[in-house]
Amino acid sequence: MLREGNLTVDLQKMVIDLRSENASFRDAFYQLLRKELGAKPLGLDLSYALILGDFVGSDLGLRTPLYSQAIAPIFTATEQEELERLRFVCLQSLAISTTGYAYALPNSKDCRSLLGTQSTPSSEIAVFRGALTLVQTRFNGEVKFPNTFFLQSVDAQGATFLQPTNWTETRFGRSVSFTSATFYQPSNFQGSIFFEKANFKKIRFQEIADFQSSIFEKTANFNQANFKQLAKFNSVQWQENADFSDVRFANQVQFTKANFNQFLLLTEVIFEQAVSFREAEFNQFVNMQGANILNQADFSDARFSTEACLSVPGLTFNSNQAKILGNPGQIGKMFCIPTLQGNQNILRNLGQNFRQQQQVSDANELEYTKQQLRLVEMSRRLTATNINSASVASLINLGFSAPQAEAIAQHRLIKPFRNSSELLSLADIDLEKYTQLSDYLIVGEPLSIGEWLLQAWSWLALSVLLLLSGYGTNFWLVFGVGGLAIAYFGLLFWLVDRYRRLHPVPIIPTSYETISILVSFSVLEFFSLLAIFRNAEQPWLTLGCLFIIIVPVPVALLIRLYQQGRYHDLMDVSYFTEDGTFRQLRLLIGRLPVIPRNQTFRERYMPLLGDRRWNWFNYYDFSLNNLLKLGFNDIRLRDEHLPGIISALAWYQWSLGVIYITLVLWTLSRTIPGLNLLIYLK
């Protein structure tokens, strides 16, 4: 019969008995069909048929070697081109294997033939020239299509396979559909190649499903599939999107060493048992929105491209029952969440998951992500337009037309908006306008002036914490910030103490001391900047924030000091004194920058010796004392004949030091597990 322009052998709604007790009919059946299907590209339609006994489908194909000079001349030019497509895929797999990452040299006999120089009988493959239709077909025995090349489509929608099926190293040249099919026994697609779209939507695998080392050249759709037992997708190449949305995996599933070149969709998927993505490669983002992980998800040694991440908004994950595994220090950076609203519990559970595994850096990375989202949310609350309180003029200035602004005003008089998406319920506002302006809109109670100022202060404090310490998650960033400040203030204190005046009697440092302080300052600044640029997410913003804190006030004090000049006693004696009774590394938490007035302290604290070649080191020590409360000696300012501006400069750094040492201790408590007992308490 003629179907969709193609000649087809119509065996619909038949009962075909291929059992061993009916051997004569079985042999005649295969012989007749093989003769007809091999002579010309005829399709085979077994829709709604009942097949009794084993169905060896590969025996119906035309057997031919794939070595280019030996391909049967009976094939049309188009069919020969189709067969040659396999060569490209084999070469592609060979190229991937040379990276040494996930794949071995293709071992299938057709690939060995195509990549070799001669053909052997063992390299022959069965070619099915026409379309195969198995809609609602019921197979009571085994189904065998190993080493078969389908040049046309395969449609097995709603088919039922009661016994094991064998599709190993099968090549599907056109689209294939197993939509709503049911496999009651193990199904083996190992080493198969799907050249066009593969549709496994709503399929049910009651036993093991094995797709290991298969290749999907186009989109693979497993939407709403159900896997009752182990599912193997190890070393599978997914050249385009892989859609596992709404799939239920009742048992383990393995994606070990899989290669996802495009998007992997796992929305609303349910993993009841362990899922493994070990050594998998992701080149685009993995959408896990609304996914359920009930046991364990292993991403150990997985590789992510710069565009790839694990998108987990709405993820259902209980850290007390399930686990997510990954390489320490790497996996925490791979999660991406668009907004904080509705995802705080997810971030909390993920952070707890990594803390339980002692992966503190990953837990801190998630905390950093959470605070970044919180900062974005606070920024919107401060700057976005509240559609429940904005005037009509403000709405028009934002981008709404006058009728749209009036419609919004009329709606909120009747009932305030609960979320911005309710704007779409207004007839005057279309989706395009909503999408254009949604980022500039918020819904909520309007802020009073006092509330706005408090919110702005919180925003500023959070911004500083994120820029200078990664919200307490990056010790080396804090170290770099501190090193920069210590070197900077050390240079300032050296300048005000050693460079006092030029006239009438110059009081200036020696050239050796000047060179020493400038070289040491450059070295300290270099390593501090290196730490900042290697660890800060936005290094220039971090430097800008630090500049605002440490530069304007000290520079203003310095300019004022040199403008008014210095005219006081003890002009040739250093402003700085050192404890002459001790010289040792010590912690100086309670130390103040100026010595007490008691005479005994004046005898104990002696002025720095300006004629010593190493004297410049003392100014860094004083700066270290002020900022980190740690020093090699207790250096302080003298309490008499001291310009107030110099005292103010020292007190300013000391005040910053109180904040800085708090930041250091907080950061250490978050980055070193032993310093924070709260990590282990629930």
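The preceding data block contains the structure.
Read on for an overview of the structure.

1. Quick word on a nonpolar patch on the surface
Move 1: A cluster of nonpolar side chains, Ile515, Val519, Val523, Phe526, Phe527 and Leu530, forms an exposed patch at the surface whose accessible area comes to about 570 Å².
Move 2: Looking at the secondary structure, you find Leu530 in helix α11 (residues 511-535).

2. Quick look at the pattern of salt bridges
Move 1: Enumeration according to the criterion identifies 13 salt bridges in this entry.
Move 2: Across the pair Glu142 and Lys144 runs a salt bridge whose closest N-O atoms are separated by 3.9 Å.
Move 3: Residue class for Glu142 comes out partly exposed when judged on its relative accessible area of 30%.
Move 4: Put simply, Arg636 and Asp634 hold a salt bridge, and the shortest N to O gap is 3.1 Å.
Move 5: Its relative accessible area of 14% is what places Arg636 among the buried residues.
Move 6: On the basis of relative accessible area, Asp634 is assigned to the buried category, the value being 5%.
Move 7: Salt bridges here are not isolated pairs; linked through shared partners, they connect Asp17, Arg19 and Glu21.

3. Comments concerning the nonpolar core
Move 1: Core analysis: the biggest nonpolar cluster contains 91 residues, and Phe55, Phe178, Phe211, Phe222, Phe233, Trp238 and Phe244 have the highest contact counts within it.
Move 2: Elements represented by at least two residues in this core include exactly α1 (23-39), β6 (55-56), α4 (344-356) and α5 (360-383).
Move 3: For Phe233, the residues in contact, after removing those within four places along its chain, are Phe211, Phe222, Phe227, Trp238, Phe244, Val253, Gln254, Phe255, Thr256 and Ala258.
Move 4: Membership of the second largest hydrophobic core comes to 47 residues, among which are Leu477, Leu543, Phe576 and Val594.

4. So, the sheet that holds strand β24 (residues 215-216)
Move 1: Ordered by their spatial adjacency, 10 strands build an open sheet running β7-β8-β12-β16-β20-β24-β28-β32-β36-β40, and the pairing between neighbours is mixed. A single partner strand is all that each edge strand has here, and the edge strands are β7 (62-64) and β40 (303-304).
Move 2: Sheet topology places β7 next to strand β8 (residues 125-128); three bridges connect them, and they run antiparallel. Within the sheet, the bridge partner assigned to Arg63 lies in β8 and is Ala126.

5. Details of the environment of Thr219
Move 1: Tracing the sequence through the fold places Thr219 in the loop between β24 and β25 (220-221).
Move 2: Judged by relative accessible area, Thr219 falls into the partly exposed class, the value being 25%.

6. Concerning helix α12 (residues 539-550)
Move 1: Taking 1.5 Å as the rise per residue, α12 with 12 residues should run 16 Å; its terminal C-alpha atoms sit 16 Å apart, in good agreement.
Move 2: All of the buried residues in α12 are Pro539, Thr542, Leu543, Cys545, Leu546 and Ile550. What you see down the axis of α12 is that its buried residues fit within an arc of 160°, all on one side. Residues of α12 that are exposed and angled more than 90 degrees away from the buried face: Trp540, Phe547 and Ile548.
Move 3: Among the structural elements, α9 (449-469), α10 (475-498), α11, α13 (552-564) and α16 (644-671) are those in contact with the buried residues of α12.

7. Examining the sheet that holds strand β14 (residues 160-161)
Move 1: Read from one edge to the other, the open sheet built from 11 strands follows the order β3-β5-β10-β14-β18-β22-β26-β30-β34-β38-β42, with strand pairing classed as parallel. Strands at the two margins of the open sheet, each flanked by one partner only, are β3 (15-17) and β42 (316-317).
Move 2: Across two bridges, strand β18 (residues 182-183) lies against strand β22 (residues 204-205) in parallel orientation. Paired with Phe183 across the bridge in β22 is Phe205.

8. Considering the state of the cysteines
Move 1: This structure, assessed with the given rule, holds one disulfide.
Move 2: Sulfur-sulfur distance for the disulfide between Cys309 and Cys336 comes to 2.0 Å. Measuring handedness by torsion sign, the sulfur bridge of Cys309 and Cys336 sits at about 65° and is right-handed. Within this pair, whereas Cys309 is found in the loop between β40 and β41 (310-311), its partner Cys336 is found in strand β44 (residues 335-336), the two being separated by 27 residues in sequence.
Move 3: What makes Cys336 partly exposed here is its relative accessible area of 22%.

9. Considering the environment of Phe255
Move 1: Mapped onto the secondary structure, Phe255 falls in the loop between β31 (253-254) and β32 (259-260).
Move 2: The exposure class of Phe255 is buried, given its relative accessible area of 0%.
Move 3: On a C-alpha basis, the gap between Phe255 and Glu281 in space is 9.9 Å, while along the polypeptide they are 26 residues apart.
Move 4: Phe255 has contacts with Phe233, Asn234, Trp238, Phe244, Phe260, Val275, Ser276, Phe277, Arg278 and Ala280, leaving out every residue within four places of it along the chain.

10. As for the environment of Ile125
Move 1: One can find Ile125 in strand β8.
Move 2: Taking the C-alpha atoms as reference points, Ile125 and Phe149, 24 residues apart in sequence, are found 7.1 Å from one another.

11. Section: the packing of α4 against α5
Move 1: Viewed as axis vectors pointing N to C, α4 and α5 meet at an angle of 165°, and their least axial separation amounts to 7 Å. As the angle between them shows, α4 and α5 are arranged roughly antiparallel. In the packing of α4 onto α5, the handedness of the crossing is left-handed. Along the contact surface, α4 presents Gln344, Leu347, Leu350, Gly351, Phe354 and Arg355, while α5 presents Val360, Asp362, Ala363, Asn364, Leu366, Lys370 and Leu373.
Move 2: Looking at the contact of α4 with α5 residue by residue, the classes come out as seven nonpolar, three polar and three charged.

12. Regarding the packing of aromatic side chains
Move 1: Enumeration according to the criterion identifies 74 aromatic pairs in this entry.
Move 2: With centroids separated by 5.6 Å and ring planes inclined at 55°, the aromatic side chains of Phe55 and Phe139 adopt a geometry described as tilted. Placement of Phe55 in strand β6 and of Phe139 in strand β10 (residues 138-139) is noted, with a sequence separation of 84 residues between them.
Move 3: The exposure class of Phe55 is buried, given its relative accessible area of 1%.
Move 4: Here Phe227 and Phe249 contribute two aromatic rings whose centre-to-centre distance is 4.8 Å and whose plane-to-plane angle is 20°, an arrangement assigned as stacked. With a gap of 22 residues between them, Phe227 in strand β26 (residues 226-227) and Phe249 in strand β30 (residues 248-249) connect regions that are remote in the sequence.
Move 5: Taking relative accessible area as the criterion, Phe249 reaches 1% and is therefore assigned buried.

Quick notes on the rules
Residues numbered from 1 in each chain as written. Predicted model: local features only at pLDDT ≥ 70, side-chain atom pairs only at ≥ 80, totals over all residues. Heavy atoms only, no water. Patch = residues over 30% accessible without salt bridge, like charges linked within 9 Å, V, L, I, M, F, W, Y side chains within 5 Å. Areas by Shrake-Rupley, 256 points an atom, 1.4 Å probe, with all protein chains shown as cover. Salt bridge = Lys/Arg side-chain N within 4 Å of Asp/Glu carboxyl O. Helix = DSSP H or I, 4+ residues; strand = E, 2+ residues; numbered from the N terminus. Buried < 20%, exposed > 50% of the residue type's maximum accessible area, 1.4 Å probe, protein only. Core = buried A, V, L, I, M, F, W, Y, C linked by side-chain atoms within 4.5 Å. Contact = heavy atoms within 4.5 Å. Pairing = 2+ DSSP bridges. Expected span 1.5 Å × (residues − 1). Arc of directions from axis to C-beta. Disulfide = S-S within 2.5 Å. Axes fitted to C-alpha atoms, helices over the stretch in contact; angles between N-to-C directions. Parallel < 35°, antiparallel > 145°, perpendicular 65-115°, else oblique. Left-handed = near helix turned anticlockwise from the far one by under 90°. Nonpolar A, V, L, I, M, F, W, Y, C, P; charged D, E, K, R; others polar. Phe/Tyr/Trp six-rings, centres within 6.5 Å; stacked < 30°, edge-to-face > 60°.

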